[in-house]
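Okay, here's what each chain looks like letter by letter:
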Amino acid sequence: PLLTFPTLPTDEYCAPGNRLRNYYGSRVYTYSCPCGAGLSCKPRWSSTLYGRSVMEDPKCMPETMHPYILAIRGHGYNVYDRHNNVINIGRVKQLTYESSFKAKMWELEDFTKIRRWYALHLLLCVTFFISGVIINAFQFLFYVTIRPFNKALYCNINYYLMYSLMSQVLFLAEWWSGSEVRVFTSDENFQKFGKEHALIIMNHTFEVDWLMGWMVADTSGTLGSAKVFVKKMMQYVPTIGWAWRLSDTIFLNRKWEKDKKIMENQIKEFFDYPYPVWMLLFAEGTRFTPAKHKASMEFARKRGLPELKRHLIPRTRGFVQCVQSLNGNFPAIYDVTIGFNTEDGEAPTLQNMLRGRKVVGEAYIRRIPLDQVPLDDEGSSDYIHELYRSKDQLLDSYLKTGSFTKENDLPKHTCRPICRRPYSLINMIMWATFVLSQILRFYYNLLVSGSLLSISFAVGIVICAYIGLYKMIGLTKIDKGSEYGTRDSKKEE
């Protein structure tokens, strides 16, 4: 063990559900390998709550894998059980490291300050844009030369091209910020992840709820084949918009007469894909905000629909069309209800992730056989309304108690930490190395030219890239941000 307590053995302290509070306010680190792979091991420190550092609750870790504590010699600690009763009080007696290299590395506070450097943010943004344009070029080339003659081959190639682009955003969540998602589902459902086509129904509450879904998709092997319904204007956005346009993503006009035909025709493209497809539908139609919720509940009262506390009233026509079009080809719906644990992590924003701050998402996932959903318009509409009433119970219970099922009779499932895979890290290192080498070469040639115009041009590129980065982040922000979806949000009376 990295740390020896005076009276309490490490294995006792680390019993699932116990946690440590350093009441002197010093930072407390946890070091664990719950996934058994070297690249999944990383030191993590807890969030600070009311001026005190609180160790991440290890209840989600396998009972045989316990975290080690890395604290400052001579400082005090309290150990609490899962009921918040004090087990022991003591002081750190001895502190050892596995190597001097690790000791020096952790003195940098796990590179948190470095990850806040604007220059690195700019490099990430430029890397994503340049690599995205290169990927778009290859997609277009293969789209016009291979797809007309061999769709299956094109789909297989495009899967890896899409993964190379999307996993750069995944890197930001998993490796740059150390964010995680914890999944609550049954063993039977979990074993089917990534092995079948599925329609994903998910609540849309915060900036990065979709990114939590990407993390689950990555571990299931479906990130490169993930599809989504998006506004038509998105297809003109370089990198991600162009990539979606060349990947059978469904672009909608927000006019039902046109969108109905688009959905009918486009959904058929997925039926002969050579790998499982996960198709995401935000049935609420837009992201949750208090203002939108108020308007949605006024609509519900006028239509005689039950009101929801934590969701908007779902828009039924898109869901009905999906059910009718997918029948016989997609075997299941995965209903995903996501909340954010802001005791163990920071507020779920893209900017927090960019600044290296950990975000913790928790997802309750149900698998619903598609043949259980009525095919007629009225029956499908009633089904999605009933589904959202149960989703509302799940999220309401989570926000009040920290448990999806404590205040309802829905099935209880154990927590499954989603283990990060190394591929997004490897992909990002390769692209960043290539892009950085080309940028340095470009700027070196400009500077040695001695031309004032060339130097001004180089500075202008940096300024434009910087502005573009934060404009992009601004697009993900919610006006008048909602507090719904976080466990420590103010509870309604």
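In this convention, every chain numbers its residues from 1, walking through the sequence in written order. In keeping with the model being predicted, local features are shown solely for residues with a pLDDT of at least 70 and side-chain atom pairs are shown and tallied solely at 80 or more, while totals for entire chains, interfaces and linings include all residues. The side-chain values count all of the structure's non-hydrogen atoms but skip hydrogen atoms and water molecules.

Concerning the overall build of the chain
Only DSSP runs of H or I covering at least 4 residues are called helices, and only runs of E covering at least 2 are called strands; the numbering of each starts at the N terminus. Across its full length, the chain holds 14 helices and 18 strands. Each residue is placed in one exposure class: buried if its accessible area under a 1.4 Å probe, protein chains only, is under 20% of its type's maximum, exposed if it is over 50%, and partly exposed if it falls in between. The proportion of buried residues among the 493 residues of the chain is 54%. Any two residues having at least one pair of non-hydrogen atoms within 4.5 Å are treated as being in contact. For the chain, the share of sequence-separated contacts (at least 6 apart) that also reach a separation of at least 24 residues comes to 75%. Throughout, the Shrake-Rupley method with a 1.4 Å probe supplies accessible areas, and for residues the shown protein chains are the sole cover considered. About 23800 Å² of surface is accessible on the chain, with carbon and sulfur atoms providing 58% of the total.

Digging into a negative patch on the surface
Each patch is built from salt-bridge-free residues with over 30% relative accessible area, joining like charges within 9 Å and nonpolar side chains (Val, Leu, Ile, Met, Phe, Trp, Tyr) within 5 Å. Salt bridges are defined by distance alone: a side-chain nitrogen of Lys or Arg within 4 Å of a carboxyl oxygen of Asp or Glu. For this count, His and the chain ends are skipped, Lys and Arg are scored as positive, and Asp and Glu as negative. Every charge is mapped onto a representative atom, which is NZ of Lys, CZ of Arg, CG of Asp or CD of Glu. Taken together, the side chains of D376, D377, E378 and D382 make up a negatively charged region of the molecular surface. Relative to the helices and strands, E378 resides in helix α12 (residues 377-401).

Regarding the nonpolar core
General note: in soluble globular proteins, nonpolar side chains tend to be found buried as a group. The criterion is simple. A nonpolar core is a set of buried Ala, Val, Leu, Ile, Met, Phe, Trp, Tyr and Cys residues joined through side-chain atoms within 4.5 Å. M212, W278, Y334 and M353 are the most contacted members of the largest nonpolar core, which has 59 residues in total. The element contributing the most residues to this core is helix α4 (residues 151-176), with 13 residues. Non-local contacts of Y334, meaning those with residues more than four positions away in its chain, are made with K192, F193, E196, A198, L199, I200, I201, W278, I365, R366 and R367.

A closer look at the packing of aromatic side chains
The geometry of two aromatic rings is summed up by the distance between their centres and the angle between their planes. Aromatic rings from Phe, Tyr and Trp, taking only the six-membered ring of Trp, are treated as a pair when their centres fall within 6.5 Å; an angle between ring planes under 30 degrees marks them as stacked, one over 60 as edge-to-face, and anything in between as tilted. In total, this model carries 18 aromatic pairs according to the counting rule given. Pairing F271 with F330 gives two aromatic rings, centres 6.5 Å apart and planes at 65°, and the pair type is edge-to-face. One end of the pair, F271, is in the loop between α8 (256-267) and β15 (278-281); the other, F330, is in the loop between α10 (316-326) and β16 (332-340), and 59 residues separate them in sequence. When the NZ atom of lysine or the CZ atom of arginine is within 6 Å of a ring's centre and also within 35 degrees of its normal, the charge is said to sit over that ring. Here K391 stacks its cationic end above the ring of Y388, 5.5 Å away from the centre of that ring.

Let's talk about the confidence of the model for the chain
Parts of the model with low pLDDT should not have their predicted coordinates read in detail. Every residue carries a pLDDT, the predictor's confidence in it, which falls somewhere between 0 and 100. Model confidence for the chain is summarised by a mean pLDDT of 76, while 71% of its residues fall at 70 or above. The model gives residues 1-84 a pLDDT under 50, and that stretch makes 210 contacts with residues more than four places away or in other chains. Note on residues 478-493: pLDDT under 50 across the span, and 45 contacts to partners over four residues away in sequence or across chains.

Here we look at helix α6 (residues 209-219)
Counting buried residues along α6, 8 of its 11 residues qualify, which places the element largely inside the surrounding structure. Looking only at α6, the buried set comprises D209, L211, M212, W214, M215, V216, A217 and D218. Downstream of α6 by a residue or two, G221 has a phi angle that is positive, lying close to 80°.

Quick look at the pattern of salt bridges
The tally for this structure, following the rule as stated, stands at 19 salt bridges. One salt bridge in this structure joins D218 and R421, with 3.0 Å as the shortest N-O distance. Within this pair, whereas D218 is found in helix α6, its partner R421 is found in the loop between β18 (415-417) and α13 (423-449), the two being separated by 203 residues in sequence. On the accessibility criterion, R421 (25% relative accessible area) is partly exposed. One salt bridge connects K309 with D396, and the closest N-O pair in it is separated by 3.4 Å. One end of the pair, K309, is in the loop between α9 (290-303) and α10; the other, D396, is in helix α12, and 87 residues separate them in sequence. Residue classification places D396 among the buried residues on the basis of a relative accessible area of 11%.

Looking at the sheet that holds strand β17 (residues 360-369)
Strand order in the open sheet formed by 8 strands is β14-β13-β15-β12-β16-β17-β11-β18, and the pairing between neighbours is mixed. At either end of the open sheet lies a strand with only one pairing partner, and these are β14 (250-252) and β18. Each neighbouring strand pair of the sheet contributes to a mean axis angle of 25°, computed without reference to strand direction. One ladder, built from 3 bridges, connects strand β13 (residues 226-231) with β15; its direction is parallel. Bridge pairing in β15 places V228 opposite L280. Think of each axis as a best-fit line through the C-alpha atoms, taken over the contacting stretch in the case of a helix, with angles from 0 to 180 degrees between the N-to-C directions. Docked against the sheet, α12 engages β12 (198-202), β16 and β17, running at close to 30° with respect to β16. Pairing between strands is defined by DSSP: at least two bridges between them are needed.

Describing the side chain of R367
You can see R367 is positioned in strand β17. Polar contacts, as used here, are pairs of N or O atoms within 3.5 Å; protein pairs need one atom able to donate a hydrogen and one able to accept it. Residues neighboring in sequence count only if both atoms are side-chain atoms. Within the structure, the side chain of R367 is placed 2.8 Å from the side chain of E196, a separation counted as a polar contact. Discounting residues that sit within four places of it in the chain, R367 has contacts with N189, K192, E196, P331, A332, I333 and Y334.

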